[in-house]
Amino acid sequence: MPKLDFSAYDTKGFYDEMFDENNNIRPNYQLFAERLQNMSQKKLNTLQHATDRAQLSFGMTFNVYSDNQGIERILHLDIIPRIIANNEWNHLEKGLQQRIKALNLFIQDIYNDQNVFKDKIIPKEMILSSVSYLKELVGFKPPKDIWCHITGSDLIKGGDGMYYVLEDNLRCPSGVSYMLENREILKRTFPELFEKLDVKPVYNYTHTLRDTLESLVDIDKPTVAVMTPGIYNSAYFEHSYLAQQMGAELVEGRDLIVKNDMVYMITTNGLKRVDVIYRRVDDDFIDPEVFNKKSLLGTPGLFRAYLKGNVVLVNAPGTGVVDDKAVYAYIPRIIKYYMGEDMILPNVKTYICDEKDDCKYVIENIHNLVVKQTDASGGYGMLIGPKSTKKEQEEFIAKIKNKPRNYIAQPMINLSRVPTIADNTIEGRHVDLRPYALYGEDIKIIPGALTRVALKKGSIVVNSSQGGGSKDTWVLNS
Amino acid sequence: MLGRVANTIYWMNRYLERAENYARFMDVNYNLSLELPPNEVEQWQPLVLITGDWELYESLYPNVEKSKVIYFLTFDKENPNSIFNCILNSRENARAVRAEITKEVWEQINALYYLVKNAAAKKNQSDKELRRLFTDIKNGCQLVYGMYYATISRNEGWHFAKLGQIIERADKTSRVLDAKYHLLLKSPKLIGSSLDLIQWAALLKSVSAFDMYRKKNGKLTSSGIAEFLILDTEFPRSILACLLSAERCLITLSGSSVGFSNNAQRQLGVLKSQLEYADINDIIANGMHEYLDNIQLKLNDISSAIYNSFFSIEPYVQNQSQSQVQ
C-alpha cells in the first residue's frame, strides 16, 4: 500500500505549524509525523470518513440562519490536529490571563469610577456611545467583581510565527463543546498517539465551569441553569451539551418567572428558585422590560432581579463593550494602565476610522487592508481588501465616510497554516485559535482550544457560518 | 423538573411509540396480503382508518392504493403523523431535552432519525426494502426503549416519558381492534371463516400479541382476542395493562395512592375502574366500536388533564401579571 507522501507539500511562503521554511518537521509534530508516514492516504481518508459519521451520530450539528429551519450541518472536523508545544502554550496562557484581568478591571472602571476616562487613556465618548454600553449598570458591581467569567479570544499566528490577538469575545463565546467533542473523537481516531504523546487533557472543562459558576454565590448547592434561545439557535447543540455535562438545568426564557425580584423556574412541582444563570442569550434579549421590548427569548424582570443581587448572570450584562472592534485598538494602552505591564500577547495593528489620520490612511489603502464593521461578528460586514473588487471597495469607502465610528481596518495577516485533508491529498489551510478562559477564584485557561480552519483553498475566513471547519488542538505536556 | 421539559419528554416518547406502531401495522399488513386466498383484494384502507387520518388522506390522494397508503403513512411530510414526522418530532423533542436524557438514548434516537431520513430520500423502494425498513424501525424504537430502561434514573422524567408511551400505546391498541371489528370483515357470514382467522391472527401480530394470546387462550376467537387486548392485566399492550401502568406513574408523580390529588389522576382512575369491572360479553353486546371510541376520547381527556396538571405555565403567568399590577 502506498505510504503517505509529504514531499509535494508546499508551505508557499506561509508560516506552517508542522513544517518549517526548509520543509523540516517542527519538533512538536515529530511523533505525529512518524505515525502519519506509516499510513496510506487511503487509511487516512477512511479515518476521516469515520469521523464525519461520528459527528452525525453524536448530533453535533448546528442550524444555519440563512437556511430554512431544519437544515443542519456539522462543523467539519479535520482529523489532522494542531499541535502546540508546552513553552508556546505557557506564553499564551500568561498573555491571556493578563489580558482578561485587565479587561475585567476596565469594565468595572467604566461602569463605576471611570478613571480610565479621567486619565485620558481612552475617549469617553467612544465607550459611552457604544451600543453595548449599558447605562443601567452605572454604579453596579457584580458578585466578586467579576464581569467576564467566560472568554473565548480569537488568536492568530502571523508570518513571523508570533501569536496575535485578533478579537475578544466577552459576550457569549461559543465553540467550547466542539473543543471537547473533537477531542473525544480524535481519541478514538488516534488512540495510540494519545498513549505516546503527552497531550494535556481538556475533559475537566465542564467541571471547572460548574465550579466557576458555583463560586459566584455563597449558597450551598446553588441551582445553576444554562439559558438558551431554544433549539433553533445555531449554538443549541452547545447549550444543551454544557447543561448536560454540568448537570445544570437547560432553560428558555419562558421557563423562568420573576417574583419579588427573585428568579424562579416553573417546574412540575411549582416554582423553584434559580441562583446562577449561564445565559447564552445576548444582552438585548434577556429582559423585554428593559431591553428589546419584542424579545420572546428573555424573561420579564430578570435584569431587575440581577441588579438586586438575587441572581448571577454569566457573563455579566454590559461586557460586550469590549467586543467592540474600536475598543480593541485601545487594549494595549488599557493593559498598561491597569496592570502597569507591557502587553504579553500583541494586538494586530488596527486603524480606527473614527480618528482622522487613520481614516485617511484606510481610504487610501483599502485594497491592502481588511475592513471590519465594529459591531458585526461571524465573518459578516467585512471587506478583505486584496480579494475585493473595485466596486466593493468603493461601497465600503462610502460606508466608512458615512459612519466612521462603525469601522476599523487592519493589515492583511497571513494566518498560519496546518496540513489538512483535501479530497485525496493533504494541503495547507489557514487556521486561527480560540482558547477558553474561565474566571472564578482565579483565571484558568483550558489547555486546548478550538482551532478553526478555512477549508476552502486560499481562504482566510474560518467562521463556521462561512464554510470553515475545525481541528482538535493538542497542547503537549513536555 | 421544568414543566416544559416534562411535556417535551412526554411527547418525545408518544411520537416514538406512534412511529413504532405504524411500522408494526405496515409490516403486518404486508404479511397479511401475502397470506390472502387467491382473488381476495388487498386491504390498505383500514390502515389509514386506524390512524384517524382518513380525511387528510382523502384530501391528498385520489384513490386508495397500496403504494400511496404506504407513502402516506411512512414518508409523507404532509402527514403530521407519518413515521418520518413522528421520528423527526421525537428527535426534535429529544434535542430539546438533551440535558435530561443520556448520551445512549440521544444517539439511538438520532440514529433512528437518520435511518428514516435516508430511506425517505430514496425513490421507488421495493417491497423487500420497505419490509426491511419497517423491521429496522421497530428494532430501532425497541433499542431506544431498552436504552431508556437501562440508563435513565426512575425520576420524574422517566415517569412522564413512560406516561407518554403507554397512553399512546393504549390508544393504538384500541384503534387496531376497532379496525378489525368494523372494517376488515365485510360480511357477518364470514365470522369464523379462514379469512376471519387470518385477519385475527394478523391483528394479534400487529400488536405482538400472537404468542402470548396463544399461550393463554389457545384457540382464536373474536371475543377471546377482544378480551385479551382490552382487559388482560398481564399483557403489556392491552388497554387495561397500559392504564394500570399509567396509574402507577401518576401515583409516583402525584405522591398519593388513595383517591386523587389532581385531575389527571382522577380521570385515569375512573377509566381504569370501568375496565377493571367490565365484562367482554357486555362490551360486545353493547357495541364494541362505541366502547373503543369512548376509550379513545377518554384517553385524549386524560392527556389534556396531564398537561393542565403538570406542564401548563398558565397559573404562574397569571400570578405574574397580577403581581405586576400591584
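Thresholds applied
- Residues numbered from 1 in each chain as written.
- Chains lettered and ligands numbered in written order.
- Predicted model: local features only at pLDDT ≥ 70, side-chain atom pairs only at ≥ 80, totals over all residues.
- Heavy atoms only, no water.
- Helix = DSSP H or I, 4+ residues; strand = E, 2+ residues; numbered from the N terminus.
- Buried < 20%, exposed > 50% of the residue type's maximum accessible area, 1.4 Å probe, protein only.
- Polar contact = N/O pair within 3.5 Å; in protein donor to acceptor, adjacent residues only side chain to side chain.
- Contact = heavy atoms within 4.5 Å.
- Pairing = 2+ DSSP bridges.
- Axes fitted to C-alpha atoms, helices over the stretch in contact; angles between N-to-C directions.
- Core = buried A, V, L, I, M, F, W, Y, C linked by side-chain atoms within 4.5 Å.
- pLDDT = per-residue confidence, 0-100.
- Buried area = accessible area lost by both parts, 1.4 Å probe.
- Salt bridge = Lys/Arg side-chain N within 4 Å of Asp/Glu carboxyl O.
- 1 Å grid on protein atoms, 1.4 Å probe; cavity = no way out; pocket = protein on both sides within 12 Å on 5 of 7 lines; lining within 4 Å.
- Points joined across faces, edges and corners; volume = space filled by probe spheres on them.
- Nonpolar A, V, L, I, M, F, W, Y, C, P; charged D, E, K, R; others polar.
- Parallel < 35°, antiparallel > 145°, perpendicular 65-115°, else oblique.
- Phe/Tyr/Trp six-rings, centres within 6.5 Å; stacked < 30°, edge-to-face > 60°.

A.B. asks: I'd like a description of the side chain of A:R405, backed by residues and values.
C.D. replies: All names here are of chain A. Locating R405 in the fold gives a position in the loop between α15 (390-402) and β17 (407-411). The class of R405 is buried, set by a relative accessible area of 17%. A distance of 3.5 Å separates the side chain of R405 from the side chain of S129, its partner in a polar contact. In this structure, R405 is in contact with M126, S129, S130, D324, A326, D354 and T374, ignoring residues within four places of it in sequence.

A.B. asks: An account of the side chain of A:T451 is requested, with residue identities and associated values reported.
C.D. replies: Residue and element names in this part refer to chain A. Relative to the elements of secondary structure, T451 occurs in strand β20 (residues 443-454). Its relative accessible area of 0% is what places T451 among the buried residues. At a separation of 2.7 Å, a polar atom in the side chain of T451 contacts the side chain of T473.

A.B. asks: Run through unusual backbone geometry, naming residues and quoting values.
C.D. replies: Residue and element names in this part refer to chain A. The omega torsion across V314 and N315 is -15°, close enough to zero to call that bond cis. Topologically, N315 is positioned in the loop between β13 (312-314) and α12 (325-328). Backbone geometry places N23, a non-glycine residue, at a positive phi of 65°. Within the fold, N23 resides in the segment before α1 (30-37). Judged by its relative accessible area of 31%, N23 is partly exposed. If you check the backbone angles, K221 has positive phi at about 50° while not being a glycine. Within the element layout of this structure, K221 appears in the loop between α8 (205-214) and β7 (224-227).

A.B. asks: If you had to explain the sheet that holds strand β14 (residues 351-352) of chain A to someone new, which residues and values would you point to?
C.D. replies: Residues and elements named next belong to chain A. Spatial ordering of the open sheet is given by β14-β17-β15-β16, a layout of four strands whose pairing is antiparallel. Looking at which strands have only one partner, the edges of the open sheet turn out to be β14 and β16 (382-384). By the bridge criterion, three bridges tie strand β15 (residues 369-373) to β16 in an arrangement that is antiparallel. Considered in β16, the bridge of K372 is made with M382. The strands touched by α15 within the sheet are β15, β16 and β17, with β16 carrying the most contacts at an inclination of about 135°.

A.B. asks: Tell me about the nonpolar core, and please be specific about residues and values.
C.D. replies: Counting 245 residues, the largest nonpolar core has A:F106, A:Y205, A:W474, B:L163 and B:L229 as the members making the most contacts within it. Once residues within four sequence positions are removed from consideration, A:W474 is found in contact with A:F32, A:P81, A:R82, A:I83, A:I84, A:R183, A:L186, A:F190, A:L193, A:F194, A:L197 and A:V199. If you look at the next biggest cluster of nonpolar residues, it comprises 13 residues, including A:C359, A:V362, A:L383 and A:Y407.

A.B. asks: Any details on the confidence of the model for chain A? Residues and values, ideally.
C.D. replies: Here chain A averages 91 in pLDDT, while 96% of its residues score no lower than 70. Highest mean pLDDT in chain A belongs to strand β12 (residues 276-279) of chain A (98); lowest belongs to strand β1 (residues 61-63) of chain A (72).

A.B. asks: Outline the interface of chain B and chain A, listing residues and values.
C.D. replies: Bring the parts together and some accessible area is lost; that lost area is often taken as the interface size. On the chain A side, the residues contacting the 29 residues of chain B number 33 residues. Interface area, chain B with chain A, both sides summed: about 2600 Å², of which 47% is carbon and sulfur. Linking chain B with chain A are two salt bridges, by the criterion used here. For the salt bridge of B:R4 with A:D255, the shortest nitrogen-to-oxygen distance reads 2.5 Å. Listing elements by their share of the side of chain B that touches chain A, those giving two or more residues are α1 (3-35), α5 (83-96), α6 (103-121), α8 (156-184) and α16 (314-325) of chain B.

A.B. asks: Explain empty space enclosed by the protein residue by residue, including any values.
C.D. replies: Residues and elements named next belong to chain B. A full pass over the atoms with the stated rule returns five cavities of 30 Å³ or more. Approximately 90 Å³ is the volume found for the second largest cavity. Around the second largest cavity, the lining is made up of twelve residues, and of these L32, L36, V41, Q43 and Q199 lie nearest the centre. Counting residues per element, the ones that place at least two in the lining of the second largest cavity are α1 and α9 (194-206). Considering every element that reaches the lining of the second largest cavity, the biggest residue donor is α1, with three residues. Residue composition of the lining of the second largest cavity, by class: six nonpolar, four polar and two charged.

A.B. asks: Lay out the packing of α8(A) against helix α9 (residues 236-246) of chain A with the relevant residues and their values.
C.D. replies: All names here are of chain A. For the pair α8 and α9, the least separation of the axes is 9 Å and the interaxial angle reads 80°. Viewed along their axes, α8 and α9 adopt a mutual orientation that is roughly perpendicular. Across from Y205, T206, L209, R210 and L213 in α8, the residues of α9 making contact are L242, Q245 and M246. Tallied by class, the residues present in the contact of α8 with α9 amount to five nonpolar, two polar and one charged.

A.B. asks: Outline α8(A), listing residues and values.
C.D. replies: Working note: α-helix, 3.6 residues per turn, so residues spaced by three or four point in the same direction. Most of α8(A) is tucked away: seven of the ten residues are buried. If you check which residues of α8(A) are buried, you get A:Y205, A:T206, A:T208, A:L209, A:R210, A:T212 and A:L213.

A.B. asks: So what's going on with the pattern of salt bridges? Residues and values would help.
C.D. replies: Evaluation of the coordinates by the stated rule reveals 49 salt bridges over all chains. With a closest N to O distance of 3.1 Å, A:E289 and A:R304 form a salt bridge. Within this pair, whereas A:E289 is found in the loop between α10 (283-286) and α11 (302-307), its partner A:R304 is found in helix α11, the two being separated by 15 residues in sequence. Assessed through its relative accessible area of 35%, A:E289 is described here as partly exposed. The partly exposed category is assigned to A:R304, whose relative accessible area is 34%. When the shortest N-O distance is used, the salt bridge between B:E107 and B:K103 registers 3.2 Å. Taken together, the residues span about one helical turn, with B:E107 and B:K103 both in helix α6 at a distance of four residues. Under the relative-accessibility criterion, B:K103 is labelled partly exposed at 33%. What you see here is one network of salt bridges that share partners, running through B:R14, B:R18, B:E168, B:D171, B:K172 and B:R175.

A.B. asks: Provide a residue-level description of the packing of aromatic side chains, including the pertinent values.
C.D. replies: Residues and elements named next belong to chain A. According to the stated counting rule, one finds 37 aromatic pairs over all chains in the structure shown. Relative to F19, the ring of Y9 has its centre 5.0 Å away and its plane inclined at 35°; by these criteria the two rings are tilted. With a gap of ten residues between them, Y9 in the segment before α1 and F19 in the segment before α1 connect regions that are remote in the sequence. An identical accessibility class is assigned to Y9 and F19; each is buried.

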